[in-house]
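# Close look at the chain arrangement
Next come the chains, spelled out residue by residue.
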Amino acid sequence: MSGVDPPDFNSPSQIRSFLTARGFNPQKRFGQNFLIQPNARAEIINELELTGGESVWEIGPGIGQMTFELLKRAGEVTVFEIDRGFIAILRELFSEHPRLRIVEGDVLKTWPSEAERFGSNEGEEAASARPFLVGNLPYNAASAILRSLVEHNYLPRRTVITVQKELADRIVAEPGSTAYSSFSLLCRLAWDVRAGMVLKPGNFYPRPEVDSRVVVLKPRGDQPEEAVRVEALHLLRCLFASRRKTIRNNLQSCLPGGRQAAETCCRSAGIDPGGRPGEISVDLLISLASQVLDYRRRDS
Ligand code: SAM
């Protein structure tokens, strides 16, 4: 069921001629750097741990180098692509492949309605019906995509992404390290995180300016209850308003009881209110969110 022959996806010159023949060039604004390393593609797909027949979402298929491989290993493959030129190419390459769905537009806007196809978002059964997610994510949208999944509490069964190494380092950073940030905590609220291989610029065409890294995300085994999760996300914004300030000083502006409330909630959660936000682990954040919720209930 395939259309025209694809270029050799490992050859920059063939990719270039394939695009030029159709009047296209890779665009920086959409983070279009193609992975030209077959072993890296294979390893990324292996990290998904597919057993066959699973639904997979691919963000940013580009001209389909990963998509071809995914269609060999998965069931239905849904690709989210913003570039109209690439969408035309995908249609040309895959013709009317019966297991490929092409979703056009900005994935930040299109994924929620695709998620509805997988039914309710509640409970364990719903979680195991969700798709897997893979993508060599566009640099400029990677963190917004992850944030959007966490904020909607829509966690694919397993997520394997390639992102700028600096962002990967923030995702997997440990409390107290310089890379640790509110984004590290946001990701940890949702996922167990693991850093995978580093990909140097030479693995891509065109060469990006920075290293990339694969990250594997698995939904946390013990998901906090919904109200606690929402409070934790809210607290993240307060706690990291200023990294240099103490936890107490950041927190006091968000609680109706101000400084006193911040002090009480921290102590009940086992947190030193005089510490810095960059020292809080995800378990302490969850515990703080729970204390803050109790405090708000008592106060109302
Ligand atoms: N999948 C190819 C690969 O692995 O080599 C290309 C990956 S390239 C880094 C990023 C892809 O994401 C491009 O195809 C780009 O057009 C697409 N893209 C960029 N922003 C997007 C967005 N907001 N929504 C959907 N696709 C986007």
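See the structure above.
Residues numbered from 1 in each chain as written. Predicted model: local features only at pLDDT ≥ 70, side-chain atom pairs only at ≥ 80, totals over all residues. Heavy atoms only, no water.

## Topic: the nonpolar core
Rules: What is meant by a nonpolar core is a set of buried Ala, Val, Leu, Ile, Met, Phe, Trp, Tyr and Cys residues, joined one to another through side-chain atoms within 4.5 Å. A simple rule labels every residue: compare its accessible area, found with a 1.4 Å probe on the protein chains alone, to the largest value its type can have, and call it buried under 20%, exposed over 50%, or partly exposed in between. Per the convention used, a helix needs a DSSP run of H or I reaching at least four residues, while a strand needs a run of E reaching at least two, with both numbered from the N terminus. A domain assignment, automatic or from a database, supplies the domain bounds used here. Contacts between residues were defined by any pair of non-hydrogen atoms, one from each residue, lying within 4.5 Å.
Formed by 59 residues in total, the largest nonpolar core has its most connected members in Trp 191, Leu 239, Leu 285 and Leu 288. Among the elements that take part in this core, helix α13 (residues 282-299) stands out by supplying 8 residues, more than any other. Counting the residues that make up this core, at least three belong to each of domain 1 (12-219) and domain 2 (226-299). Excluding anything up to four places from it in sequence, Leu 239 contacts Ile 247, Asn 250, Leu 251, Pro 277, Ile 280, Leu 285 and Leu 288.

## Concerning the site of the ligand
Quick reminder of the rule: Nearness is defined per residue: one heavy atom within 4 Å of the molecule or strand is enough. The term polar contact refers here to a pair of N or O atoms within 3.5 Å; inside protein, the definition further demands a hydrogen-donor-capable atom paired with an acceptor-capable atom, and it admits residues adjacent in sequence only when both atoms are side-chain atoms. Shrake-Rupley sampling with a 1.4 Å probe provides the accessible areas, and residues are treated as covered by the protein chains on show and by no other component. Lining residues are those with an atom within 4 Å of a point, where the points come from a 1 Å grid over the protein atoms alone and group into cavities, where a 1.4 Å probe fits but cannot get out, or pockets, open sets with protein on both sides within 12 Å along at least five of seven lines. In this description, a molecule resides in a pocket or cavity if more than half of its atoms sit within 2 Å of the grid points defining it. Any residue outside Ala, Val, Leu, Ile, Met, Phe, Trp, Tyr, Cys, Pro, Asp, Glu, Lys and Arg is labelled polar, Gly included; the first ten of those are nonpolar and the last four are charged.
Around the ligand there are 22 residues in total, and Gln 32, Leu 35, Gly 60, Glu 81 and Asp 106 lie nearest to it. The side chain of Gln 32 places a nitrogen or oxygen atom 2.9 Å from an oxygen atom of the ligand. Val 107 has a polar backbone atom sitting 2.9 Å from a nitrogen atom of the ligand. Contact with the protein chains hides 98% of the accessible area of the ligand, taken as 600 Å² for the molecule alone. Placement of the ligand is best described as lying within the second largest pocket. Within the residue set of the shell around the ligand, elements represented by two or more residues are β1 (34-35), α3 (65-73) and β3 (77-81). Residue composition of the shell around the ligand, grouped by class: 10 nonpolar, 8 polar and 4 charged.

## Digging into the state of the cysteines
To be explicit about the condition: In plain terms, two cysteine sulfur atoms within 2.5 Å form what is called a disulfide here.
In the structure shown here, the tally under the stated rule is 1 disulfide. Between Cys 265, a cysteine without a disulfide, and Cys 266, which holds the nearest cysteine sulfur, the sulfur-to-sulfur distance is 7.2 Å. Classification of Cys 265 as buried rests on a relative accessible area of 2%.

## A word on empty space enclosed by the protein
A probe matching the size of a water molecule, rolled over the atoms, marks out where space remains unfilled. Put simply, the rule reads: Grid points are joined across faces, edges and corners, and a volume is the space filled by probe spheres set on the points.
Taken as a whole, this structure holds 1 cavity of 30 Å³ or more when the rule is applied. Computed from the structure, the largest cavity encloses a volume of approximately 40 Å³. Lining the largest cavity are Trp 57, Ile 59, Val 107, Trp 111, Leu 133, Ile 145 and Leu 149. Elements supplying a minimum of two residues to the lining of the largest cavity: β2 (56-59), α5 (107-116) and α7 (142-151). For the lining of the largest cavity, the class distribution of residues is 7 nonpolar, no polar and no charged.

## Comments concerning the sheet that holds strand β9 (residues 212-219)
Our working definition: In this scheme, strands are said to pair when DSSP sees at least two bridges between them. Axes here mean lines fitted to C-alpha atoms, for a helix over just the part in contact, with angles spanning 0 to 180 degrees between N-to-C directions.
Ordered by their spatial adjacency, 7 strands build an open sheet running β4-β3-β2-β5-β6-β9-β7, and the pairing between neighbours is mixed. Of all strands in the sheet, those with a lone pairing partner are β4 (100-104) and β7 (191-199), marking the two edges. Across this sheet, the average inter-strand angle for adjacent strands is 20°, counted without regard to direction. Lying over the sheet, helix α8 (residues 165-172) contacts β6 (159-164), β7 and β9, oriented at roughly 30° with respect to β9. Of the strands in this sheet, β7 and β9 touch helix α9 (residues 182-190), which is tilted by about 120° from β7.

## Remarks on the pattern of salt bridges
Definition in use: Salt bridge criterion: a side-chain nitrogen from Lys or Arg within 4 Å of a carboxyl oxygen from Asp or Glu.
Applying the stated criterion to the full structure yields 22 salt bridges. Of the charged contacts, one joins Glu 49 and Arg 158 as a salt bridge, the two residues approaching to 3.4 Å between their closest N and O atoms. With Glu 49 in the loop between α2 (38-47) and β2 and Arg 158 in the loop between α7 and β6, this residue pair connects regions lying 109 residues apart in the sequence. What makes Glu 49 exposed here is its relative accessible area of 51%. Between Arg 267 and Glu 263 there is a salt bridge; the shortest N-O distance is 2.9 Å. Taken together, the positions of Arg 267 and Glu 263, both in helix α12 (residues 258-269) and 4 residues apart, correspond to about one turn of that helix. Taken together, the shared-partner salt bridges in this structure form one network comprising Glu 76, Arg 101, Glu 114 and Arg 117.

## Some thoughts on helix α1 (residues 12-21)
Filter applied, for reference: To be clear, the arc concerns the directions from the helix axis to the C-beta atoms.
Among the residues making up α1, those that are buried are Ile 15, Phe 18 and Leu 19. Along the long axis of α1, the arc covered by the buried residues comes to 95°, so they all point the same way. Among the structural elements, β1, α4 (84-94) and β8 (204-205) are those in contact with the buried residues of α1.

Note that every value here comes from positions in space, so none of it alone points to a role or purpose.
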